Amino acid sequence: MNRSTLDLWVGIFVTIGIAAILFLSLKVGNLLTVSNDQGYRLEAEFDNIGGLKLRAPVKAAGVVVGRVESIKLDPQSYQALVTMKIDRGYEFSKDTIASILTSGLLGEVYIGLDTGGDTKMLADGGKITKTQSAIVLEKLIGQFLFDKAASGGGASGASGGGAPLPAATGGGK
Amino acid sequence: MPASTVAMALRRVGHATITSVERLGFAARFSVAVLVHAPSALRRLQLTLREIYFSGVLSLVIILVSGLFVGMVLALQGYDVLTRYGANESLGVLVALSLVRELGPVVAGLLFASRAGSAITAEIGLMKTTEQLSAMEMMAVDPLARVVAPRFFGGILSMPLLAALFSTLGIFGAYLVGVRLIGIDAGSFWGNMQAAVDFRYDIVNGIIKSVVFGVAVSLIAVFEGYNARPTAEGVSTATTRTVVASSLSILALDFVLTVFMFRGLGV
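What counts and what doesn't
- Residues numbered from 1 in each chain as written.
- Chains lettered and ligands numbered in written order.
- Predicted model: local features only at pLDDT ≥ 70, side-chain atom pairs only at ≥ 80, totals over all residues.
- Heavy atoms only, no water.
- Pairing = 2+ DSSP bridges.
- Helix = DSSP H or I, 4+ residues; strand = E, 2+ residues; numbered from the N terminus.
- Axes fitted to C-alpha atoms, helices over the stretch in contact; angles between N-to-C directions.
- Domains from an automatic or database assignment.
- Contact = heavy atoms within 4.5 Å.
- Buried area = accessible area lost by both parts, 1.4 Å probe.
- Salt bridge = Lys/Arg side-chain N within 4 Å of Asp/Glu carboxyl O.
- Polar contact = N/O pair within 3.5 Å; in protein donor to acceptor, adjacent residues only side chain to side chain.

Trainee: Would you explain the sheet that holds strand 7 (residues 126–128) of chain A in this entry?
Mentor: Working definition: the strands of a sheet are paired by backbone hydrogen bonds and lie parallel or antiparallel to each other. Residues and elements named next belong to chain A. The strand order 7-1-4-3-2-6-5-8 describes an open sheet built from eight strands, whose pairing is mixed. A single partner strand is all that each edge strand has here, and the edge strands are strand 7 and strand 8 (130–132). Mean inter-strand twist for the sheet, computed between neighbouring axes without regard to direction, equals 30 degrees. Relative to strand 4 (residues 80–86), strand 1 (residues 40–46) runs antiparallel, the two being bridged by seven bridges. Of the residues in strand 4, the one forming a bridge with alanine 44 is valine 82.

Below is the structure:
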């Protein structure tokens, strides 16, 4: 094979190979917009994290502002200690509320941040004190059945199960 | 006589063990010798470029066509399952993650082993059979530097590029089937993919995998060729061994690498 033809083909091969790696990095992996190394950490304690996973998104007003970095059980309080890495450039006030939410019925679990009115901002390593745990469907159903049994009492057979609860808030006594 | 039968069986086990340990030791010494000749492969860049042409450029067609078809089939099958759960916008995520993390490096590695690895083994084995390697040694040309090292490093350089091309063409094939043919929204196809694929965890790990597979396949190919018995039958056995051993080591290494790379991420 002619040397210059060989050089040309190897050059074409290497160029499109590198172009493929760049395509994977930029178009598929979205390297430019999400920079993982830049950011600061926030902590929050939840009673129950439900199905939250590592690297789940942290969203404010639906915009992804960070990722969950670690999930641990606090041995003293028996609460889940979640560390989040927030992109630099986003700041949240000290009275921010962190809640664990689900996008859609079968969607991914994420942390939603609702910022408050405080003028002081959370710094690196800061702790979000106001948190709202994940809604566990089994507990909710259990609570509902318990309330229904308590309010229905002896007249449970009279009108079937479809009657609305007379006092849902006072059902548990 | 049962005692002599037992002794014979034990002798056979012992012989097999000694042979395989010897072979392992020879393979280890051979790998070190090839690595020592790395600078000479770079100094004689023209030889390495020639090998990149033979193992990389000539494998392009099979890699590109296979990637395209794997991507299109993944899109069809993935859509069929995902649509049962109403999650058909996640098709891009499914295809991109399976290609970048697993299928790209593994299938490209298997194709590379059978397309380029077997050719390298056959070529070096035939050189040994026709005593070209001995002739080089007579002329004070080290066959490890002149023949083996360029093929080894050409393979290592080609493999990651081929795997990246395989994944890219696969994603393009999935785009063709998912967006053009089935009619998934292009925005959610790319958007969900970009949200789910992480550069460090998915793409860099995929590239590391393909480099490891490239090293494994190239090393097995040059070793089997260099170690082949100098007969026609020996060359054919060595070629078969290359394909079998590199395919098995790709799959085994892939499992080990996946355990270390992706364990704990989806806890």
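That was the structure; now back to the text.
Trainee: What is the right way to look at the domain arrangement of chain B in this model?
Mentor: Reports often express the size of an interface as the amount of accessible area lost when the parts come together. All names here are of chain B. Looking at the assigned domains, one finds that chain B contains domain 1 (1–36) and domain 2 (41–262). The C-alpha centroid of domain 2 is placed 31 Å from the C-alpha centroid of domain 1. Taken together, the contacts link eight residues of domain 1 with eleven residues of domain 2. Between domain 1 and domain 2 lies a buried interface of about 890 Å² when both sides are counted; carbon and sulfur atoms form 76% of it. The salt bridge involving glutamate 224 is made with arginine 23; its shortest N-O contact spans 3.0 Å. Joining domain 1 to domain 2, the criterion identifies one residue pair in polar contact (both at pLDDT 80 or more).

Trainee: Before we go on, may I ask you to explain the domain arrangement of chain A in this structure?
Mentor: The domains assigned to chain A are domain 1 (1–33) and domain 2 (40–132). Taking the mean C-alpha position of each, domain 1 of chain A and domain 2 of chain A sit 40 Å from one another.

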